[in-house]
Each structure stands twice: as structure tokens, then as C-alpha cells.
Amino acid sequence: MTATPTIVLIGHGMVGQRFLEALADRGMTGDAARVVVLCEEPRPAYDRVQLTSYFSGRTPEDLSLVEADFIEKHGIELRLGDPAETVDRATRTVTARSGFTVQYDQLVLATGSYPFVPPVPGKDSAGCFVYRTIEDLLEIEEYAKNVSSGSVVGGGLLGLEAAGALKGLGLDTHVVEFAPRLMPVQVDDGGGEALRRTIEDMGVTVHTGVGGKEITAGEDGAVTGMELSDGSRIDTDMVIFSAGVRPRDQLARECGLEVGERGGIKVDEQCRTATDPAVFAIGECALAVDGRVYGLVAPGYEMAETAASAIAAQETAGFTGADTSTKLKLLGVDVASFGDAHGNAEGCLDVVYADSRSGVYKKLVIGQDGTLLGGVLVGDAEAYGTLRPLTGSVPPVSPEQLVLPAGAGGPVSIGPSALPDEAVICNCHNVTKGTIRAAVTEHSCGTVPEVKKCTKAGTGCGSCVKALTTLVNDELELNGITVDKGLCGCFPHTRAELYEIVRTLRLTSYEDLLASHGREEAKDGDGCEVCKPAIGSIIASLAPTLGASGYVLDGEQAALQDTNDHFLANLQRNGSYSIVPRIPGGEITPEKLIVIGEVARDFGLYTKITGGQRIDMFGARVDQLPRIWARLVDAGFESGHAYGKALRTVKSCVGQTWCRYGVQDSVRMAIDLELRYRGLRSPHKLKSAVSGCARECAEARGKDFGVIATSNGWNLYVGGNGGADPRHADLLAQDLSDAELVRLIDRFLMFYIRTADRLERTSAWLERIEGGLDHVRDVVVHDSLGLCDELEALMADHVAHYRDEWAETLDDPERLARFVSFVNAPDAPDPSVRFVPERDQMKPDLDLLAGPTLPVRTLEGTVAR
Amino acid sequence: MTETLERPLTTGTIELRTDRGWLAVCAPSGLVPGRGVAVLLPDGGQAAVFLDRAGRPYAIGNRDPFTGAYVLSRGLTGSADGRPYVASPLLKQRFDLETGACLDDASVSVPVYETRVAPEAAAAA
Ligand SMILES: Cc1cc2nc3c(=O)[nH]c(=O)nc-3n(C[C@H](O)[C@H](O)[C@H](O)COP(=O)(O)OP(=O)(O)OC[C@H]3O[C@@H](n4cnc5c(N)ncnc54)[C@H](O)[C@@H]3O)c2cc1C
Ligand code: FES
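Please read all numbers here as calculations on a predicted model, not as lab measurements.

Visitor: Help me understand the overall build of chain A, please; the structure alone is not making it clear to me.
Guide: Counting its secondary structure elements, chain A contains 27 helices and 38 strands. Put simply, chain A has 865 residues, and 54% of those count as buried. Restricting to contacts in chain A with at least 6 residues of sequence separation, those with at least 24 account for 61%. Total accessible area on chain A stands at roughly 36200 Å², and carbon and sulfur atoms take up 49% of it.

Next up, the structure:
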């Protein structure tokens with residue numbers, strides 16, 4: 001052995017990356033060892049488990065598993081796109097495709113699996129794909145643009161994910177499964193039947209008990225259809241093979257390492273190959289001591305830790321086998337199986353609940369002594385987060401109660417608090433309840449995101465996040481760590497609670513609310529700059545329903561608004577204001593453009609096109625605002641609410657009308673949406689966009705609610721954000737008609753307004769709210785809380801009562817009287833608002849304002865309290 | 001420095017004291033409690049005048065020392081530990097309405113002006 005040993009890793013997949021992290025944790029990187037990684041794919045390790053989320057908006061970069069400076073910080077040599085071609089164990093040399101060679105002291109194989117493609121004629125035709133890498137998905141996406149139907153061979157976990165993806169791409173979708181039911185490995189016949197109904201309800205055609213016999217292709221070599229084993233035929237333009245995976249053990253075979261009869265590199269408990277103590281194999285390419293090859297990521301992670309410990313000469317428990325619980329990650333389908341799902345243990349009993357109408361099937365396998373051995377959940381996998389960790393113990397309530405729906409059998413939901421400390425809550429990262437509790441008590445994590453970061457729990461497939469959230473909150477409470485969730489020093493309630501108070505008690509006055517619900521010490525005070533606008537906004541968004549005035553500057557309301565809302569314009573750094581008239585959907589006539597130009601010229605305003613497809617005019621004094629708006633309103637403009645925490649714009653691309661790629665009229669939809677939601681006051685600003693095709697020119701996935709046209713209607717994405725903290729919006733529902741789309745947005749926005757914190761954009765709200773996107777989908781799509789009628793009614797009230805704030809202001813001399821620079825000299829302009837020339841326009845004269853000292857501060861930086 | 005009032009006055013004139021004497025601002029009804037107005041001073045300077053919930057008037061300099069802009073009259077008022085303040089509409093620093101001290105940066109303050117509510121008939125002294 002050389003002074004610093006060389007560790008070579010072949011394969012930078014999920015398990016490979018985990019192995020590198022485990023090495024780093026054990027101090028085996030940097031100066032301690034030279035680490036060389038050969039990576040076949042063109043990009044570093046990414047989250048293959050979440051691969052399908054690419055189709056709901058996650059970019060390849062989002063999927064990356066490698067933190068920005070990880071490789072560099074640990075001095076790892078990562079060779080992208082350079083696979084290992086040969087291993088010479090005698091000289092301990094690996095040769096890569098590029099000709100690069102390296103000598104190792106320890107070699108780790110983490111080459112994963114390859115998708116198995118059954119040897120049917122025509123399998124190499126154009127339009128045949130597998131579903132394993134980001135590159136596969138990019139190709140599938142490209143090909144799907146020009147075809148109308150697709151089939152998936154294989155009805156297992158991955159096959160169904162692939163089918164969901166094809167459906168999402170707007171294709172007529174088929175699934176062909178050789179076994180008599182879908183997901184044959186995970187679910188039993190009863191579950192398979194319930195699952196089939198759910199999948200068929202999504203519009204996917206299911207063929208079970210048949211196999212693909214031949215792929216037929218046209219003269220151009222492209223797929224035209226598939227012949228099935230029962231003699232029938234599917235007309236289809238593309239085929240995805242998802243008929244299982246095989247360990248990638250070719251390299252190992254070629255260098256004489258022992259492999260299993262059905263593949264897989266044989267390893268011992270330490271993940272050392274049976275043949276050569278200097279060579280390890282981990283992840284999907286390894287055949288573990290229990291004689292199994294694991295096709296899941298959690299066991300792979302365990303192997304990675306085991307091998308790293310062995311290399312660092314640390315004690316390890318070794319890898320002897322693992323749990324194969326799984327939960328399907330398919331939009332709108334709940335399927336989970338855990339433990340001994342098929343009831344293979346001797347003498348075990350099944351407890352089954354089935355409701356074929358609603359497609360719910362639940363089965364628990366109970367041992368003779370009452371221990372929970374495993375189960376299958378279809379249609380309602382809510383309990384998965386609790387039941388899986390309970391596996392192997394006797395549940396605290398009877399099994400019947402665990403499967404019966406709420407209301408039918410008493411205390412169904414035993415929370416995760418009933419679990420023992422050793423229970424594994426996060427299967428992906430093998431995190432126990434005890435570890436999660438310790439994160440709160442010992443590492444003082446005070447929020448779920450902090451606990452996720454600290455323990456990694458919940459950062460894999462995400463199925464445990466619900467249980468995790470409950471646990472963290474329980475633990476915080478138990479330790480008396482009451483995070484004061486109050487809005488500010490005046491109110492002990494959150495914004496969402498205050499919304500409920502205002503709504504149910506029909507309060508329309510801030511003073512009444514402060515007197516009845518303020519903190520004792522604040523009741524007689526003057527409130528503060530935090531709660532006043534927040535409550536002003538709540539009252540404004542509920543005004544039509546409460547019967548209050550919708551005009552934000554009426555009576556006491558006027559004193560609650562930030563200066564922007566107070567003057568219905570945006571305050572700029574020198575005390576002047578900017579003006580943004582509404583230009584719905586970014587569509588504007590030449591006449592109106594001319595009016596904007598004339599107004600800007602006549603008042604000497606600086607003009608700039610905004611990112612939201614409108615025109616901003618800067619540099620108006622308070623006393624000029626009414627005169628400017630009089631001309632704009634006269635020309636048919638109305639307030640653009642650029643100053644408010646309200647809907648800003650609905651941006652659009654030009655759409656089907658002009659664009660040769662467009663599949664829907666995106667401009668019309670954008671205008672409809674903008675006019676519907678204009679003036680809606682919300683916890684923060686709301687941005688939207690509508691794209692006329694999947695090319696997404698309007699950048700809808702960067703918006704709070706974004707709409708993208710499909711050939712069948714519209715896909716709705718929510719929770720997107722640009723700015724400092726970019727986030728791609730998540731797919732909420734697909735292929736909606738116009739009416740369905742509008743109804744869903746109505747519900748979504750009202751639910752957000754109701755439950756978000758002050759100044760919490762939809763993106764942060766989605767990340768924070770318990771249950772996340774799934775919960776929001778349950779509430780607004782499946783109406784799980786029975787709220788939808790009310791949410792729709794609230795929005796209908798808003799739409800019916802909308803009035804243009806500027807037109808109203810101009811109509812009322814009393815309101816206009818407010819727009820003066822000086823109360824004692826109404827006609828005097830403000831001498832401090834001056835401008836100097838800049839690139840043919842003008843800019844604020846800041847020298848005039850600068851006194852002896854002007855401390856530098858960022859605009860975002862509010863003062864810490 | 002401020003007149004103490006039992007009840008908000010609805011008549012009379014709010015005045016503030018400059019070095020040249022009392023200056024009429026406006027009637028109390030011209031101010032919304034919790035909201036300010038700007039006043040042009042005889043020397044060309046600017047003051048910001050506020051009314052609290054109880055109807056007491058306050059006056060401070062209108063210039064926000066952090067940005068140089070004359071905007072404090074457009075901030076939102078509030079109270080902390082029973083003391084009234086205004087938060088700058090630009091970067092949100094708070095200023096005590098009675099002393100002019102910045103609550104978020106002890107090294108900064110703004111001028112304060114004495115105020116009173118003069119009965120209807122009284123002319124500026
Ligand atoms: C769509 C999809 C959904 C999934 N969902 C789940 C799920 O919900 N739950 C779950 O537990 N698991 C799921 N899995 C399985 C999970 O992704 C795998 O278990 C996991 O990726 C295995 O990690 P690995 O590192 O062993 O293999 P991989 O992640 O496949 O990595 C192996 C890497 O090695 C590279 N490689 C191979 N040969 C060489 C060579 N000679 N030289 C250099 N590099 C080489 C490959 O290119 C690859 O990048 C899913 C898989 C897919 C495809
Ligand atoms: S179980 Fe997959 S992330 Fe926790």
C-alpha cells in the first residue's frame with residue numbers, strides 16, 4: 001500500500017454518491033486518500049427515484065444530489081462521461097474509455113442496473129425507449145412531441161410511473177403487464193384490482209395477463225403498433241420497456257469476480273466481493289449475503305455506509321438484508337406495500353378492507369402473536385407513514401381499526417407518536433424516530449426543514465414527510481419549545497388564524513380585532529407596521545363577503561395600508577412614485593400605447609418595460625398622480641395593482657392564433673384570468689402566466705400559478721417563483737377544460753389566501769404547509785376538507801364586486817384631497833423630488849437628498865428586532 | 001413636549017412650533033389617526049405630523065436619514081412599550097414620535113417639533 005491509498009469508485013449514481021459522502025464523513029477524503037470516480041453519465045449523481053418529477057417541472061439541475069462544492073471541497077477526481085472499460089485485478093488497474101488509467105488500493109463497484117428489454121422482434125425500432133436516466137427522459141419527451149399514443153411494457157412500479165408520464169405528455173396511453181395484475185410484486189390480487197380501476201379512471205388503458213409479442217414498424221423504421229400474445233394489437237407510436245432491471249455486472253464478470261446465477265456481484269456482509277478483498281460492490285449491482293439483489297435505494301444507501309466503514313476500518317453492523325417497502329409516486333394514485341405484503345409467513349392472517357366503489361383496498365398481514373408483518377394499501381395510503389414503522393411490533397390498537405375508514409370504526413389514526421424510538425420513520429435514509437426527536441432536543445432544530453437538513457429524513461422519496469412533520473411538532477410541543485407563531489407583538493395569532501377570526505366573526509375593523517384578539521399588552525396601543533397592512537389585506541380580500549367596503553382606502557382602512565396602497569402607486573427611493581396601468585395578458589392596442597407615451601412625455605416620466613409585459617412610468621410626485629390617472633382612466637386603463645399585495649400580471653405568449661407551434665389560445669386565457677383575479681388582495685403578490693404550448697415561452701413554471709396548454713386542454717402548475725429563491729412550479733392537475741381550470745385556480749388562490757402567512761409567497765407556502773403539494777391537491781382537487789364550495793363562493797364574491805380603485809378615487813373629491821405633497825400648502829410641489837438626465841430620459845437626483853451621512857443598506861434588509 | 005388630551009379634539013387647529021413661532025398645520029379632521037401628513041416649513045424644510053389613536057398630535061422631521069428622502073410622513077405608525085413611533089416606508093426603520101430617536105439604530109435620530117391644538121379662533125402667535 002502506498003502512503004495515501006487510492007480509492008476508485010466506478011459508477012456515480014445514487015449509491016455511489018452516498019458512498020462518497022460516507023467516505024467524507026469518515027475523514028477518508030482530501031489528504032487521507034486519493035478518490036477517483038468514473039462516471040458514465042454526462043452529469044454527476046442525481047435523484048433517480050424522483051426522475052419522473054422531471055415531467056412535473058423539476059430540471060436536471062434540481063434533481064442533482066451533489067451539493068455545489070462537495071466534489072471540490074473533498075478533493076475528489078470526478079471524471080464525467082468516462083466509463084470504466086476494463087479492470088485488471090492482478091495489477092489493480094482500471095482503464096476508462098478515454099484511455100485514462102488508475103491504480104487502486106480499493107475498488108468500489110456501484111454500477112447499478114440496466115433496464116431489461118425482452119427479446120421481442122422490432123424492439124430496436126425508432127420510438128422504443130427505456131426509462132432509467134435523465135437522457136432517456138429527454139429523448140422520450142422529444143419523441144412524444146410528434147406522436148399521439150404510447151405504450152408501456154411492464155405494469156410494475158416503474159412502468160406505472162412511465163405510463164403516468166406519457167399520459168402527462170398528452171398521449172393516449174396503454175400499459176401491458178404479463179402478470180394477471182398490476183404491480184404484481186408489491187400488491188396482491190385484491191389490491192391489483194383496486195389499482196387497475198384507479199389507473200383506468202385516469203384514462204390509461206390496462207392490458208393484464210398478456211405480453212408484447214412483436215413491435216411493428218413502418219417503412220421509416222418507426223413504431224406503428226404492438227402485437228400482443230393473445231393475438232390482439234395496439235396501435236401505438238412509441239413503446240417504453242419497463243420490464244424489470246438487471247444488475248450491471250458485466251465489468252465484474254470480465255475481471256473474474258463471482259456473480260450470482262441470475263446476476264449480481266456476490267458480496268459478503270461488509271460488501272466486499274466474495275472473490276477479491278480489495279474490491280467492493282454496492283447498490284443495485286450487488287448480490288447481498290441474503291441472496292437478493294435490491295432494486296431500491298434505501299438498501300443501497302446502507303451498503304454504501306457499510307462499505308465506507310469497512311474501507312475506513314471501522315466497526316460495522318454489516319449489511320445482511322433490508323426492508324423492501326415501497327410507495328408509488330404517481331400523480332393521484334395512492335399505492336404502498338410494506339413488509340411481508342403477500343403474507344408468506346407461516347400461520348399469518350390477513351385483515352382486509354375493500355371498497356370497490358371508491359377504489360380503496362387495504363390489507364394488513366398479522367402474525368400469530370398479533371405482530372404487524374406487512375401490508376398493502378391501495379387508494380388510500382395515508383397510514384403508510386405510521387404502519388411501515390410499526391411493522392414487526394404489535395400495534396397499539398386492533399388491526400381492524402387500522403384499516404377501517406375514519407368514522408366507521410373508532411380511533412383509526414394512531415399517530416407516529418405511538419411509535420417506539422427505534423421505529424424507522426424515513427426508510428430512504430434509515431432515520432429512526434429517536435434520531436428525529438434528538439434533532440429537535442439536542443440539535444435544537446425548530447422547524448421541519450431544519451430537521452430534514454440535519455437528519456436527511458424526508459429528502460428521499462418524500463413519503464415520510466407527513467409523519468416527520470407530526471413528530472417534529474409533537475416533540476417541539478413536548479419540550480415546551482413554543483415557537484411564538486404570533487403575527488407580531490400585537491397579535492398572538494398567525495395570519496391564517498386571524499383570517500379565520502375575521503371571516504367567522506365578520507369583523508371589519510382593525511381596532512375591534514385588536515381590542516378583542518390582540519395581546520394584553522398591545523390592546524390599547526397603536527398597533528404596528530407589521531399587522532396593520534396584513535389585517536388590512538385580510539379585510540380587503542374578505543370585504544365583499546363580509547359586506548365591508550371593498551375600497552382599500554375607506555375609513556379606518558386607509559390608516560392600515562402601506563404607503564404604496566395608500567397612494568395607489570409604488571414609492572421609489574427619492575420619494576416619487578411609479579405608475580403601472582393594467583395591460584391584461586400583455587395585449588395592448590396602438591392607441592393605448594400612444595396614450596401611455598403621451599402621458600409619460602407630458603409629465604416627464606421615465607418609462608421602462610417590466611418583466612410582466614407592462615409599462616412602468618417612474619418619477620411622479622404625489623400631487624401629480626390624480627392628473628396622470630385621470631388621463632389614463634379616460635383612455636380606458638385601470639389600476640395594475642403593481643403597488644399591492646395582489647394579482648400582478650398574467651403574462652402570455654402569443655399562442656395558437658399566431659404561433660405555428662401553439663395548441664391553445666394562450667392570450668385569451670391570460671386575459672380572462674387577469675380580469676378575473678385583478679384586485680384580489682392576498683398575503684403576497686401573485687404572478688401568473690399562460691403558455692400556448694409545451695415550449696413554455698411565457699415561463700409559466702416560474703409563477704405562483706402557471707398554465708401550459710396541451711393538445712387536450714390546460715395543465716395547471718402552482719408554487720413557482722423567480723427572484724432570489726427560484727422554484728419551478730409543481731403540476732397540480734392536467735388536461736383541464738377552460739371551466740375546470742378556472743374553478744381549480746379559484747379554489748387554489750382562496751385556499752392560499754386563507755392559510756398562508758404574511759408575506760409568504762405560494763412557493764414558500766407549499767414548502768411549509770403540512771402535507772405539501774399532496775395536501776393542497778387533496779383539498780382543492782379532491783375536496784378532502786369539504787371546503788371547495790366555500791372557496792369558490794368567496795372568489796365569486798370577489799369577481800362580482802371588483803371595481804377599479806383609480807376610477808373610484810378620481811370620482812371622489814374627498815379621496816383626491818389626500819394627494820397633496822403638503823397639507824399646509826396643497827399647491828406646492830415637493831422641492832426634494834428632482835431629477836437629472838440619464839440616457840435620454842431622467843433619473844432621481846440623489847445628490848439633492850444626500851445629507852451629511854447616508855448609511856448604505858440593502859432594500860431587502862429590514863431592521864432586525 | 002406634547003399636549004396631553006383627554007379626548008380627541010375635532011375642532012381647532014393643529015399647530016407646530018418652529019423657531020419662528022407656531023405654524024398652523026390643519027384641522028384635526030384633516031388627519032387620519034395612524035397616518036401622517038407632510039408640512040412645508042417656512043424655511044423650506046419639511047415636517048411629518050401624525051395623530052395617534054387617542055387624538056394626540058406629534059411632529060418630527062420628514063426626512064428619512066437612512067435614504068435622504070422626505071417620506072417619513074408616509075410611514076405607518078405603531079406603538080412599542082406604550083411609546084408611539086413611525087416606521088419609514090422605505091427601509092422600515094422606526095422613529096420614536098416623542099423623541100425622534102431611531103429605535104433600530106441608536107446613533108440616528110430626527111428632529112422633533114412641539115405641537116398643540118389651538119382653539120378655533122386663536123391665530124398663530
Ligand atoms: C423511474 C425510477 C423510479 C424509481 N423509484 C424508486 C422508489 O420510489 N424507491 C426506491 O427505493 N427506488 C426507486 N428507484 C430505484 C433507484 O433509483 C435505484 O435503486 C438506485 O438508483 C440505485 O442506485 P445505484 O447507485 O445502485 O444505481 P444507479 O443510480 O443506476 O447508478 C449507477 C451508475 O453507474 C453508472 N455506470 C454503470 N457502469 C459504469 C461503468 N462501467 N463506468 C462508470 N459508470 C458506470 C451508470 O451510468 C449509473 O449512472 C427508481 C428507479 C427509477 C428508474
Ligand atoms: S422514506 Fe423516503 S424520504 Fe423518507
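Visitor: What exactly am I supposed to notice about the overall build of chain B here?
Guide: Broken down by element type, chain B carries zero helices and 10 strands. By the burial criterion, 58% of the 125 residues in chain B qualify as buried. In chain B, the share of contacts with a sequence separation of at least 24, taken over all contacts with a separation of at least 6, comes to 41%. Element-wise, carbon and sulfur atoms account for 50% of the exposed surface of chain B, whose accessible area totals about 5100 Å².

Visitor: Even after reading the chapter, I still don't get the packing of aromatic side chains, so can you show me in this structure?
Guide: Two measures describe an aromatic ring pair: the distance that separates the ring centres and the angle between the ring planes. Under the counting rule described, the total for this entry stands at 15 aromatic pairs over all chains. Centroid distance A:Phe751 to A:Trp765: 5.9 Å. Interplanar angle 70 degrees. Geometry classified as edge-to-face. Taken together, the positions of A:Phe751 in helix 21 (residues 738–755) and A:Trp765 in helix 22 (residues 762–768) put the pair 14 residues apart, joining distant regions of the chain. Across the pair, A:Trp765 and A:Phe751 agree in class, each one buried. Joined through ring pairs, the aromatic side chains of A:Phe567, A:Tyr577, A:Trp629, A:Trp806 and A:Phe819 make up one cluster. Above the plane of the ring of A:Tyr301 lies A:Arg18, whose end atom (NZ or CZ) is 4.5 Å from the centre. The ring of B:Tyr85 has B:Arg94 lying over it, and the distance from NZ or CZ to the ring centre is 5.3 Å.

Visitor: Explanation requested: the pairing of strand 13 (residues 212–217) of chain A in the structure shown.
Guide: In regular strands, side chains alternate between the two faces of the sheet. Note: strand 13 of chain A against strand 14 (residues 223–228) of chain A, five bridges, orientation antiparallel. Its bridge partner lying in strand 14 of chain A, A:Ala217 is registered against A:Val223.

Visitor: Quick question: what am I supposed to make of helix 21 of chain A here?
Guide: Because an α-helix completes one turn every 3.6 residues, residues spaced three or four positions apart along the sequence face the same direction. In a regular helix each residue adds 1.5 Å, so 18 residues correspond to 26 Å; helix 21 of chain A covers 26 Å between its end C-alpha atoms and thus fits that length. In terms of burial, helix 21 of chain A is largely enclosed, as 13 of its 18 residues are buried.

Visitor: In this structure, what is going on with the state of the cysteines? I would like to understand it.
Guide: Each disulfide is one covalent bond, formed between the sulfur atoms of two cysteines. All names here are of chain A. All told, the structure shown has zero disulfides over all chains when counted by the stated rule. Of all cysteine sulfurs in the structure, the one in cysteine 488 sits closest to cysteine 531, which takes part in no disulfide; the separation is 3.7 Å. Take cysteine 531: its relative accessible area is 0%, and that puts it in the buried class.

Visitor: What is the right way to read the sheet that holds strand 32 (residues 647–652) of chain A from this model?
Guide: Adjacent strands of a sheet pair through backbone hydrogen bonds, lying either parallel or antiparallel. Residue and element names in this part refer to chain A. Here we have five strands laid out as an open sheet, ordered 32-33-34-35-36, and mixed in their pairing. Whereas interior strands pair on both sides, the edge strands pair on one side only; in this sheet they are strand 32 and strand 36 (730–736). Mean inter-strand twist for the sheet, computed between neighbouring axes without regard to direction, equals 15 degrees. Pairing of strand 33 (residues 686–691) with strand 34 (residues 705–710) involves four bridges; the strand directions are parallel. Residue pairing across strands places serine 688 opposite phenylalanine 705, the latter belonging to strand 34.

Visitor: Looking at this structure, how should I read the environment of A:Cys653?
Guide: Within the element layout of this structure, A:Cys653 appears in the loop between strand 32 and helix 20 (666–677). Once you skip the residues sitting within four places of it in the chain, A:Cys653 turns out to touch A:Ser666, A:Val667, A:Val690, A:Ser691, A:Gly692, A:Cys697 and A:Ala698.

Visitor: What's the story with the interface of chain A and chain B in this structure? I'm lost.
Guide: Think of interface size as the accessible area that goes away when the parts come together; that is how it is often given. Counting residues at the interface gives 49 residues for chain A, matched by 38 residues for chain B. Taken over both partners, the interface formed by chain A and chain B buries close to 3400 Å², and the fraction arising from carbon and sulfur atoms is 55%. Counting across the chain A and chain B interface gives one salt bridge. Across the pair B:Arg53 and A:Glu511 runs a salt bridge whose closest N-O atoms are separated by 3.9 Å. Our count for the contact surface shared by chain A and chain B stands at 14 residue pairs in polar contact (both at pLDDT 80 or more). Sorting the residues of the side of chain A that touches chain B by element identifies helix 15 (510–517), helix 16 (531–546) and helix 17 (563–567) of chain A as the ones contributing at least two each. Sorting elements by how many residues they give to the side of chain A that touches chain B places helix 17 of chain A first, with three residues. Residue classes in the side of chain A that touches chain B are distributed as 22 nonpolar, 16 polar and 11 charged.

Visitor: Explain the packing of helix 14 (residues 495–505) of chain A against helix 16 of chain A here, please?
Guide: When two helices pack together, their arrangement is given by the angle between the helix axes and the distance between those axes. Residue and element names in this part refer to chain A. Where helix 14 contacts helix 16, the two axes come as close as 10 Å, and the packing angle between them is 35 degrees. Handedness of the helix 14/helix 16 crossing: right-handed. Taking contact as the criterion, the partners of Arg495, Leu498, Tyr499, Val502 and Arg503 in helix 14 are, on helix 16, Ile535, Ile538, Ile539, Ser541, Leu542 and Leu546. Per-class residue counts for the contact of helix 14 with helix 16 are eight nonpolar, one polar and two charged.

Visitor: What exactly am I supposed to notice about the pattern of salt bridges here?
Guide: It is possible for side chains bearing opposite charge to pair when their charged atoms get close. All names here are of chain A. A full pass over the atoms with the stated rule returns 55 salt bridges over all chains. Across the pair aspartate 602 and arginine 631 runs a salt bridge whose closest N-O atoms are separated by 2.9 Å. In this pair, aspartate 602 sits in helix 18 (residues 590–603) while arginine 631 sits in helix 19 (residues 625–634), placing the two residues 29 residues apart along the sequence. Take aspartate 602: its relative accessible area is 43%, and that puts it in the partly exposed class.

Visitor: I keep staring at the side chain of A:Asp188 and nothing clicks. Help me out?
Guide: Residues and elements named next belong to chain A. Secondary-structure assignment places aspartate 188 in the loop between strand 11 (172–177) and helix 6 (189–201). At a separation of 2.8 Å, a polar atom in the side chain of aspartate 188 contacts the side chain of lysine 363. Among residues more than four places away in sequence, those in contact with aspartate 188 are Arg181, His342, Tyr361, Lys363 and Val376.

Visitor: How do you make sense of the sheet that holds strand 16 (residues 238–241) of chain A when you look at a structure like this?
Guide: All names here are of chain A. Spatially, five strands are ordered 9-16-10-11-12 in an open sheet, and the strand pairing comes out parallel. Every interior strand has two partners, whereas the edge strands, strand 9 (128–130) and strand 12 (205–208), have only one. Neighbouring strand axes in the sheet, compared pairwise and without regard to direction, differ in orientation by 20 degrees on average. Looking at chain direction, strand 11 and strand 12 are connected through four bridges and run parallel. Note on strand 12: the bridge partner recorded for histidine 174 is threonine 205. With respect to the sheet, helix 4 (residues 134–144) is in contact with strand 9 and strand 16, its orientation differing from that of strand 9 by roughly 150 degrees. Against the sheet, helix 5 (residues 157–168) contacts strand 10 (149–153), strand 11 and strand 16, and its axis sits at roughly 175 degrees relative to strand 10.

Visitor: Explain the packing of helix 20 of chain A against helix 21 of chain A to me, please; I cannot follow it from the model alone.
Guide: Residues and elements named next belong to chain A. In the contact formed by helix 20 and helix 21, the axes pass within 12 Å of each other and the chain directions differ by 35 degrees. Crossing of helix 20 over helix 21 shows right-handed handedness. Contacts between helix 20 and helix 21 pair Arg668, Met669, Leu673, Arg676 and Tyr677 from the former with Asp738, Leu741, Val742, Ile745, Asp746 and Leu749 from the latter. A class-by-class count of the residues in the contact of helix 20 with helix 21 yields seven nonpolar, no polar and four charged.

Visitor: Can you help me understand the confidence of the model for chain A in this one?
Guide: A low pLDDT score tells you not to read the predicted coordinates there in detail. Chain-level statistics for chain A give a pLDDT mean of 87 and a share of 95% at 70 or above. Residue range residues 852–865 of chain A is modelled with pLDDT below 50. Its contacts to residues more than four positions away, or to other chains, number 26 contacts.

Visitor: Please explain helix 14 of chain A as it appears in this structure.
Guide: Residue and element names in this part refer to chain A. Among the residues of helix 14, those classed as buried are Arg495, Ala496, Leu498, Tyr499, Ile501, Val502 and Arg503. Packing partners of the buried residues in helix 14 comprise helix 15, helix 16, helix 21 and helix 24 (788–801). Within two residues after helix 14, arginine 506 carries a phi angle of roughly 55 degrees, on the positive side.

Visitor: What is the right way to read the nonpolar core from this model?
Guide: When a protein is soluble and globular, its nonpolar side chains tend to lie buried together. Residue and element names in this part refer to chain A. Within the largest apolar cluster, 63 residues are counted, with the highest numbers of intra-cluster contacts made by Phe491, Cys531, Leu716, Ile745, Leu749, Phe751 and Trp765. The element that contributes the greatest number of residues to this core is helix 21, accounting for nine residues. Split by domain, the residues of this core number at least three in each of domain 4 (495–561) and domain 6 (640–803). When sequence neighbours within four positions are dropped, the list of residues in contact with tryptophan 765 reads Phe748, Phe751, Tyr752, Thr755, Ala756, Glu760 and Val776. One finds Val87, Leu251, Ile311 and Ala312 within the second-largest nonpolar core, a separate group that totals 57 residues.

Visitor: What should I look at first to understand the environment of A:Phe70 in this one?
Guide: All names here are of chain A. Topologically, phenylalanine 70 is positioned in helix 3 (residues 70–73). Here phenylalanine 70 falls in the buried class, since its relative accessible area comes to 10%. A sequence separation of 50 residues divides phenylalanine 70 from leucine 20, and the C-alpha atoms of the two residues are 9.5 Å apart.

Visitor: Quick question: what am I supposed to make of the environment of A:Leu478 here?
Guide: Residue and element names in this part refer to chain A. Mapped onto the fold, leucine 478 is located in helix 13 (residues 465–478). On the basis of relative accessible area, leucine 478 is assigned to the exposed category, the value being 66%. Note: C-alpha distance between leucine 478 and threonine 441 (37 residues apart in sequence) is 9.8 Å.

Rules behind the numbers
- Residues numbered from 1 in each chain as written.
- Chains lettered and ligands numbered in written order.
- Predicted model: local features only at pLDDT ≥ 70, side-chain atom pairs only at ≥ 80, totals over all residues.
- Heavy atoms only, no water.
- Helix = DSSP H or I, 4+ residues; strand = E, 2+ residues; numbered from the N terminus.
- Buried < 20%, exposed > 50% of the residue type's maximum accessible area, 1.4 Å probe, protein only.
- Contact = heavy atoms within 4.5 Å.
- Areas by Shrake-Rupley, 256 points an atom, 1.4 Å probe, with all protein chains shown as cover.
- Phe/Tyr/Trp six-rings, centres within 6.5 Å; stacked < 30°, edge-to-face > 60°.
- Lys NZ or Arg CZ within 6 Å of the ring centre and 35° of its normal.
- Pairing = 2+ DSSP bridges.
- Expected span 1.5 Å × (residues − 1).
- Disulfide = S-S within 2.5 Å.
- Axes fitted to C-alpha atoms, helices over the stretch in contact; angles between N-to-C directions.
- Buried area = accessible area lost by both parts, 1.4 Å probe.
- Salt bridge = Lys/Arg side-chain N within 4 Å of Asp/Glu carboxyl O.
- Polar contact = N/O pair within 3.5 Å; in protein donor to acceptor, adjacent residues only side chain to side chain.
- Nonpolar A, V, L, I, M, F, W, Y, C, P; charged D, E, K, R; others polar.
- Left-handed = near helix turned anticlockwise from the far one by under 90°.
- pLDDT = per-residue confidence, 0-100.
- Core = buried A, V, L, I, M, F, W, Y, C linked by side-chain atoms within 4.5 Å.
- Domains from an automatic or database assignment.

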